[in-house]
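Below are the chains, spelled out letter by letter.
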There are 2 protein chains.
Amino acid sequence: MTIDFEGWACPLPLRDTPAIVMGHGGGGAMSGDLINHLFLPAFGDVALTDSAVVTAGTARLAFSTDSFVVRPMFFPGGSIGDLAVNGTVNDLAMSGATPLYLSAAFILQEGTPLPAVGRIATAMGEAARAAGVRLVTGDTKVVDFDSGDGVYVTTTGIGLVADGVDLGPHRATAGDAVLVSGPLGVHGVAVLSCRQGLEFGTEVRSDTAPLHGLVAAMLATGADVHTLRDPTRGGLAATLNEIAGAAKLGVELVERDLPVPAEVADACHLLGLDPLQVANEGKLVALVPPDQADRVLAAMREHPYGRDACRIGVCVAEHPGMVVARTGLGGTRVVTMPIGEQLPRIC
Amino acid sequence: MTIDFEGWACPLPLRDTPAIVMGHGGGGAMSGDLINHLFLPAFGDVALTDSAVVTAGTARLAFSTDSFVVRPMFFPGGSIGDLAVNGTVNDLAMSGATPLYLSAAFILQEGTPLPAVGRIATAMGEAARAAGVRLVTGDTKVVDFDSGDGVYVTTTGIGLVADGVDLGPHRATAGDAVLVSGPLGVHGVAVLSCRQGLEFGTEVRSDTAPLHGLVAAMLATGADVHTLRDPTRGGLAATLNEIAGAAKLGVELVERDLPVPAEVADACHLLGLDPLQVANEGKLVALVPPDQADRVLAAMREHPYGRDACRIGVCVAEHPGMVVARTGLGGTRVVTMPIGEQLPRIC
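Being a predicted model, the structure only gives us computed values, none of them experimental.

## Focus: the overall build of chain A
Reasoning step 1: Along its length, chain A carries 8 helices and 16 strands.
Reasoning step 2: Over its C-alpha atoms chain A spans a radius of gyration of 20 Å, differing by no more than 12% from the 20 Å that the globule rule assigns to 347 residues.
Reasoning step 3: Considering only C-alpha atoms, chain A reaches an extent of 55 × 50 × 50 Å along its principal axes.
Reasoning step 4: Buried residues in chain A amount to 63% of all 347 residues.
Reasoning step 5: By sequence separation, contacts in chain A at least 24 residues apart represent 80% of the contacts at least 6 residues apart.

## A short note on the interface of chain B and chain A
Reasoning step 1: Taken together, the contacts link 89 residues of chain B with 89 residues of chain A.
Reasoning step 2: Across the interface of chain B and chain A, roughly 7500 Å² is buried in total on both sides, 67% from carbon and sulfur atoms.
Reasoning step 3: One can count 6 salt bridges joining chain B with chain A.
Reasoning step 4: One salt bridge in this structure joins R233 of chain A and D139 of chain B, with 3.0 Å as the shortest N-O distance.
Reasoning step 5: Between chain B and chain A we count 26 residue pairs in polar contact (both at pLDDT 80 or more) in total.

## Some words on the packing of aromatic side chains
Reasoning step 1: Under the counting rule described, the total for this entry stands at 4 aromatic pairs over all chains.
Reasoning step 2: Taken together, a centroid distance of 5.8 Å and an interplanar angle of 40° make the contact between F39 of chain B and F43 of chain B tilted. Within this pair, F39 of chain B and its partner F43 of chain B are both found in helix α1 (residues 29-43), separated by 4 residues, close to a single helical turn.
Reasoning step 3: By relative accessible area, which is 2% here, F39 of chain B ends up buried.
Reasoning step 4: By relative accessible area, which is 5% here, F43 of chain B ends up buried.
Reasoning step 5: An aromatic cluster is defined as three or more aromatic residues linked by ring pairs; in this entry it consists of F39 and F43 of chain A together with F106 of chain B.
Reasoning step 6: Over the ring of F68 of chain B we find K141 of chain A; its NZ or CZ atom is 5.4 Å from the centre of that ring.
Reasoning step 7: R119 of chain B extends its terminal NZ or CZ atom over the ring of F74 of chain B, reaching a point 4.0 Å from the ring centre.

## Thoughts on the sheet that holds strand β11 (residues 227-229) of chain B
All names here are of chain B.
Reasoning step 1: One open sheet holds the 7 strands; their spatial order is β11-β13-β10-β14-β12-β15-β16, and the pairing between them is mixed. Across the chains shown, the open sheet's two edge strands, defined by having one partner strand only, are β11 and β16 (332-334). If you compare each strand with its neighbour and ignore which way they point, the axes differ by 25° on average.
Reasoning step 2: Judged from the 4 bridges that link them, strand β10 (residues 177-180) and strand β13 (residues 285-288) form a sheet pairing that is antiparallel. Counted as the bridge partner of L179 is A286 from β13.

## A few points about the UniProt feature "domain: PurM-like N-terminal" (unreviewed entry) in chain A
Reasoning step 1: Residues given the UniProt feature "domain: PurM-like N-terminal" (unreviewed entry) here are residues 50-161 of chain A.
Reasoning step 2: Strand forms 47% of residues 50-161 of chain A and helix 29%; the C-alpha atoms that close the span are 15 Å apart.

## Focus on the relation of the copies chain B and chain A
For the pair of chain copies, the relating transformation is a rotation about an axis with a translation along it.
Reasoning step 1: Overlaying chain B on chain A yields an RMSD of 0.0 Å, the required transformation being a rotation through 180° with an accompanying axial translation of 0.0 Å. Here the copies are linked by what is in effect a two-fold axis.
Reasoning step 2: A share of 100% of interface residues in chain B that are also interface residues in chain A marks the association as one of identical surfaces.

## Topic: the sheet that holds strand β16 (residues 332-334) of chain A
Residues and elements named next belong to chain A.
Reasoning step 1: Strands sit in the order β11-β13-β10-β14-β12-β15-β16 across an open sheet of 7 strands; the sheet is mixed. Of all strands in the sheet, those with a lone pairing partner are β11 (227-229) and β16, marking the two edges. Across the sheet, the mean angle from the axis of one strand to that of its neighbour is 25°, orientation sign disregarded.
Reasoning step 2: Pairing of strand β12 (residues 250-254) with strand β15 (residues 323-326), which is carried by 4 bridges, proceeds in the parallel orientation. Among the inter-strand pairings, V251 is bridged to a residue of β15, identified as V323.
Reasoning step 3: Where helix α8 (residues 293-302) meets the sheet, its contacts fall on β10 (177-180), β13 (285-288) and β14 (310-316), and the angle it forms with β10 comes to roughly 5°.

Cut-offs used in this document
Residues numbered from 1 in each chain as written. Chains lettered and ligands numbered in written order. Predicted model: local features only at pLDDT ≥ 70, side-chain atom pairs only at ≥ 80, totals over all residues. Heavy atoms only, no water. Helix = DSSP H or I, 4+ residues; strand = E, 2+ residues; numbered from the N terminus. Rg over C-alpha atoms; globule rule 2.2 N^0.38 Å. Buried < 20%, exposed > 50% of the residue type's maximum accessible area, 1.4 Å probe, protein only. Contact = heavy atoms within 4.5 Å. Buried area = accessible area lost by both parts, 1.4 Å probe. Salt bridge = Lys/Arg side-chain N within 4 Å of Asp/Glu carboxyl O. Polar contact = N/O pair within 3.5 Å; in protein donor to acceptor, adjacent residues only side chain to side chain. Phe/Tyr/Trp six-rings, centres within 6.5 Å; stacked < 30°, edge-to-face > 60°. Lys NZ or Arg CZ within 6 Å of the ring centre and 35° of its normal. Pairing = 2+ DSSP bridges. Axes fitted to C-alpha atoms, helices over the stretch in contact; angles between N-to-C directions. UniProt positions renumbered as here; feature names shortened; annotations may be inferred. Least-squares fit on C-alpha atoms with pLDDT ≥ 70 in both.

Structural data, given as structure tokens:
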């Protein structure tokens, strides 16, 4: 199928849809399709990554951008403002960078109460100060009432990457221990719990937090950390499938070791969601050589954002590109890449 | 008037509106209010500029972000894709930087035809190659059909600023010649000419173009260029008023020297617009010491994007913060800062 649009021919295979659907924003397989089959060919000879490491003059920089469209804008434990700062800080941190500067570009819906904008901006200022980054440049656009929804904000960050630091899926190795910094699925459940038409009682609050301090503590152990990722949209399932695909390795999880809090498990059961696909905003996944894993885990547990860090699995040479989980009954299930969007507009 | 919003008190004076209106996105006085009275106090001790010059390691970087929401997305002479690349390239160039890297963050409306997204991405790739910058990182979010409008794209750029280069309103000096690189108001009229409900016949095409090559040619003359700005939203009027306000200088224009093409003048007359407030996307304004202005003008005219460069006025010590134009009849009129939004969603 090829769709003509005034001379522009769509280079499928994009899944069999002629238009954008919510799933294209889910961080799963459909998002991957859009990037690999539409943006990459259009942009030409580039490697688009969540956080690019580039050279400017003599400096090694990490550079990352994210748009935030979460609804509602205020939720238990945070707001779109915290999320926008912490999300970009964390993308930089996953490159091993020290985050330095942020930009903020707003697309405001006509009619948005000024105090709502103010509360979000205040949250951004506080989150930036807490993370030790400076908001130095910005932009504001306004769109008509029927073309927006409150506040959308795009933050972009610059961080400094020290010489010798090289993190990424390309360094993942069979045998690497898979570590996670704490309980999974908390942000997604917190946002869902207050979404219109879906309110349910829960004590769960978003885990939104800046993780560069935790990363610094992990690197300070001297361990040769191979890969770091923050499992946001698409959750742990999307993150590990991405790493497995890029590294051409398999990943084996032990299901009973996965730190899914009871409240998250209950909410997911109720809503028919897979907690491994639910977004986190203050968690990281690390791949570390097995003999160094205990040292890294100990350092993580010393840090406020890694207190409940644990080992959840191992990288294997078998079934490259595939993530599996050993179940309590001794069987194995495949942890699939989410296709589309389980929870639209979660970040 | 103070509006309470769950504990957040709005630090007025924001103009007497409790909510965002289109004018807050116009690049004029209302945009300034929002920045100065809402974002700046919220973000804390920062100086937000269109293009920040920051230090990372040993590198001097320019860093700039812009969201693009122009409608229609395709217009005579370009598209939102070109605009998004050239707009950010130009913000970097106005700091005297060599643009290096761009990020692109998309907010897509559910239901947007994939080929439209593809055509925009293709335009971005082509514009990036033409400007010699690399698109290295990105993000895609999708919003519901009634919360978006096709494609919004936020580009953020990093450029390298050579040692010794220092451009900005702080360097403007009484006596500086005011130069402009070519005809004014072209982009705005081109976009308006194909806007729904407003179609009118015109040959005018958007002037969207990357200006860093022109800037390099100007700096290569060795002249001590003081200030560069691209007069986008709010047009020449907003740009010169901003400079005059920041530099605490007056600006005196000579009305008959202003290069407003007949087609632009006609369209503005028809629509009741002031051509000095209409957006440009491939023009720059330069403040240059008077004895060096001819040399800079000559270099500009050698460059494809400065062929029609001309001198339009002078900076003066009188009436600081105010821009005036000497009229053909020998009188003087004040060129005011646009308050709100003459042409919503022009970029």
